[in-house]
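What follows is the residue order along each chain.
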Amino acid sequence: MLEKIKNPSQIKSLNCNDLVVLAADVRKRIINVTSKNGGHVAPSLGATDLIIALLKVFDPLEDRIVFDVGHQSYAYKILTERNERFDTLRTYQGISGFNNTSESSYDAFSVGHSSTSISAALGICLANEMNNKKGHCISVIGDGALTGGMAFEALNHAGHLQKKFIVILNDNKMSISKNVGALQHHLSEMLTSKSYNYLKKQIWDSSEILPTKIRRHFLSGAQKLEESMMNILVPNIFFEDLNFKYVGPIDGHDIPRLVRILNKIKNNMEGSILLHVITKKGKGYPFAENQVSKFHGIGPFNLDTGYINPGKNISWSEAFGNKLCQLAENNKKIVAITAAMTDGTGLTNFAKKYPSRFFDVGIAEQHAVTFAGGLAIQGIKPFVAIYSTFIQRALDQVIHDIALQKLPVVFCFDRAGIVGEDGATHHGVFDLSMMQMIPNMTIISPYCKEELEQAMEWAANYSEGPVAIRYPRGVAPDDENYQKLEYGKSQVIHNGENLNIIGIGEGVNIAKELSEIIKSFYKFEPSVYNLSFVKPIDNALILKLIKDKVPVITIEENVLRGGVGEYISMLLNQHNIKVYPFALPDTFIPHGDTNLLKNINNLSPSSIFESIKEKILLNYKTIT
């Protein structure tokens, strides 16, 4: 069936049996590709039936569909003229793992972070009205994303405006008992029926002949009667209080019923509407159904067994989680906070071991930060584990609620630097620039597991203000020769000559390899430094660099602007020391293999070497 679908308009001619077959084909395609490329398997399998029903009822070029996060939209990509390229999912210059307006005109809004879809879809809705354009506007948002405050802000605004606007709540956690389900089935059919909505409008219109005071009492009584019925039958009257007409919950895998309800919403209902759909993450692939967290976002896996090789080496996230458990054992004041990323940040074991000291606040980074501030001001020691890309959402809280008051909160920025296949929305390449500008903030960027552990120990005992520890995605390298971490001090990796190379975090490992390459081609070996503390910077190192009077290279996985290299250049250029900062350019880095992206952006040892040969090494003798 899938081979026959070249564009979404062809779905409209399919009957319900055909749609069910199509859903099975699409799921098979998703599983086959993600088993090789990795990706968000469980969310996309769970939303497949809903997406097919949406494309059956709506025209995605006229009726704009905005997916929240976009990690559940693989079926949408496949069915909107991208099936032939779907094998390139999450590869360099291939299909993105999220919706992207530059990839396809079918994508109404570029997404990747959570809780944005209702705001974006509402804006599109109002713009269409101003531009006299036809079409419906639909937000598809998961129950997890609904924990984000921005989603509620948008719901409140949409309910106030009362435009024809549809929000679909894709709920993959709630279960419906048979009794409640039967009542909901009947109620959903009634609330979306043309006769019910016509009768309701007639009653409202007829009441206009009544005196104002009596009409007010009449309408109030009618609304209370309707709400009383809804309170008995509907599990979530909350949306009605926000002036949304609530429909559901309905089975998100019953395609015929989804099509019927969506058609009724489209043709019979006015104002803001919320359709509550119940889906099962991983639907159609037993391994994903039974291991939802594992298959939420996963690397390549065995198609027949669902097995993914965990690897022998410990990841940065695991190293962080293990060390925090050790620290918490001896310090009862330590608590861990994360924003819906328990597994991703390595806190699963901490949550099991210290449940009363672990807080997953949902997708609510702003709340997480200020909540940590409240704990800290009363003597508790919060470790806030958030992906680097997501701390962007709480920058004001970091500045206003934490740094301004010098509260000793420890921020642990996981996935700092280039993260690979998740792409522009998830690369953690702005945190150094953001944190450096904040007064009272201490920044540590470890390059190995031992340095991370020592940084955490130091931060656990630091009480003079907030600390930000950033570390990348992937394996945490060991360094048995690691020196002792000292506040505000850098470390000498190798004393050499003619060139000083300063690494920041992962940049230290790149610097060490670069030094070896230079040594193999030229008759000298450069000095290599580890800038453990980004802020405060090591003044003794700066003075030494000035005294050496040789070129300086800085290497960091952060944008150049506002980064460490730019700051060191400012300090040294006034002393006529030439600085060559290697960092990321002023552009958004696409998705692709991490090593490939580093090489393309001059952040691999070999690419940096090629870049400096003509600039720095031209006057040095090569080894013949």
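A quick note: this is a predicted structure, and the numbers were derived from the prediction, not measured.

Visitor: Sorry if this is basic, but what is going on with the overall build of the protein chain here?
Guide: Summing up its helical and strand segments, the protein chain has 23 helices and 17 strands in all. Relative to the globule expectation of 25 Å for 624 residues, the C-alpha radius of gyration of the protein chain, 28 Å, shows essentially globular dimensions. Projected onto its principal axes, the C-alpha positions of the protein chain cover 90 × 60 × 50 Å. Across the 624 residues in the protein chain, those meeting the buried criterion constitute 56%. In the protein chain, the share of contacts with a sequence separation of at least 24, taken over all contacts with a separation of at least 6, comes to 75%. A total accessible area of about 26,900 Å² is found for the protein chain, and carbon and sulfur atoms account for 52% of it.

Visitor: So what exactly am I meant to see when it comes to the confidence of the model for the protein chain here?
Guide: For any part of a model where pLDDT is low, the fine detail of the predicted coordinates should not be relied upon. For the protein chain, the mean per-residue pLDDT works out to 90, and 93% of the residues sit at or above 70. Within the model, pLDDT remains below 50 along residues 174-184, and this stretch shows 14 contacts once partners closer than five positions in the same chain are excluded. Note on residues 231-235: pLDDT under 50 across the span, and 11 contacts to partners over four residues away in sequence or across chains.

Visitor: Would you mind showing me how to read the pairing of strand S4 (residues 245-251) here?
Guide: Moving residue by residue along a regular strand, the side chains alternate between the two faces of the sheet. Taken across its 7 residues, S4 has 5 buried, putting it largely inside the fold. Bridging between S4 and strand S5 (residues 272-278) involves 5 bridges; their strand directions are parallel. If you follow Asp251 over to S5, its bridge partner there is Ile278. In the classification by handedness, the crossover that spans S4, the intervening helix H10 (residues 255-268) and the parallel S5 is right-handed.

Visitor: Where do I start with the environment of Phe109 in this structure?
Guide: Note on placement: Phe109 falls in the loop between helix H3 (74-82) and helix H4 (117-130). Since its relative accessible area comes to 38%, Phe109 is described here as partly exposed. On a C-alpha basis, the gap between Phe109 and Ala120 in space is 7.3 Å, while along the polypeptide they are 11 residues apart. Non-local contacts of Phe109, meaning those with residues more than four positions away in its chain, are made with Val66, Asn99, Thr101 and Ala120.

Visitor: Can you walk me through the packing of helix H2 (residues 41-57) against H3 in this structure?
Guide: Geometrically, a packed helix pair is captured by the angle between its two axes and the distance between the axes. Taken N-terminus to C-terminus, the directions of H2 and H3 make an angle of 40°; their axes are 7 Å apart at the nearest point. Overall, the two elements H2 and H3 adopt an arrangement that is oblique. Contact with H2, carried on its side by Ser44, Thr48, Ile51, Ile52 and Leu55, involves Tyr74, Ala75, Tyr76 and Leu79 of H3 and no other residues of that element. Tallied by class, residues from the contact of H2 with H3 come to 7 nonpolar, 2 polar and no charged.

How each quantity is defined
Counting of residues starts from 1 at the beginning of each chain's written sequence and follows it residue by residue. Only residues with pLDDT of at least 70 are given local features in this predicted model, and only at 80 or more are side-chain atom pairs given and counted; all residues enter the totals for whole chains, interfaces and linings. Computation of side-chain values: all heavy atoms of the structure, hydrogens and water removed. In this text, helices come from DSSP runs of H or I with a minimum length of four residues, and strands from runs of E with a minimum of two, each type numbered from the N-terminal end. All radius of gyration figures rest on C-alpha atoms, and the globule criterion is 2.2 Å times the number of residues raised to 0.38. Each residue is assigned to one of three classes by its accessible area relative to the maximum for its type, calculated with a 1.4 Å probe on protein chains only: buried under 20%, partly exposed between the two thresholds, exposed over 50%. By definition in these notes, contact holds between two residues if any of their heavy atoms fall within 4.5 Å. Note on areas: Shrake-Rupley with a 1.4 Å probe; residue coverage comes only from the protein chains shown. A score from 0 to 100, pLDDT tells how confident the predictor is in each residue. DSSP-based pairing: two strands are paired if at least 2 bridges between them are found. A right-handed crossover is one whose linking path, passing over the helix from the first strand to the second, runs clockwise when the strands point away from the viewer. Only the stretch in contact is used when fitting a helix axis, every axis being a line fitted to C-alpha atoms; angles between N-to-C directions are given from 0 to 180 degrees. Here roughly perpendicular refers to angles of 65 to 115 degrees, roughly parallel to angles under 35, roughly antiparallel to angles over 145, and oblique to all remaining angles. Three categories are distinguished: nonpolar for Ala, Val, Leu, Ile, Met, Phe, Trp, Tyr, Cys and Pro, charged for Asp, Glu, Lys and Arg, and polar for the others, with Gly belonging to the last.

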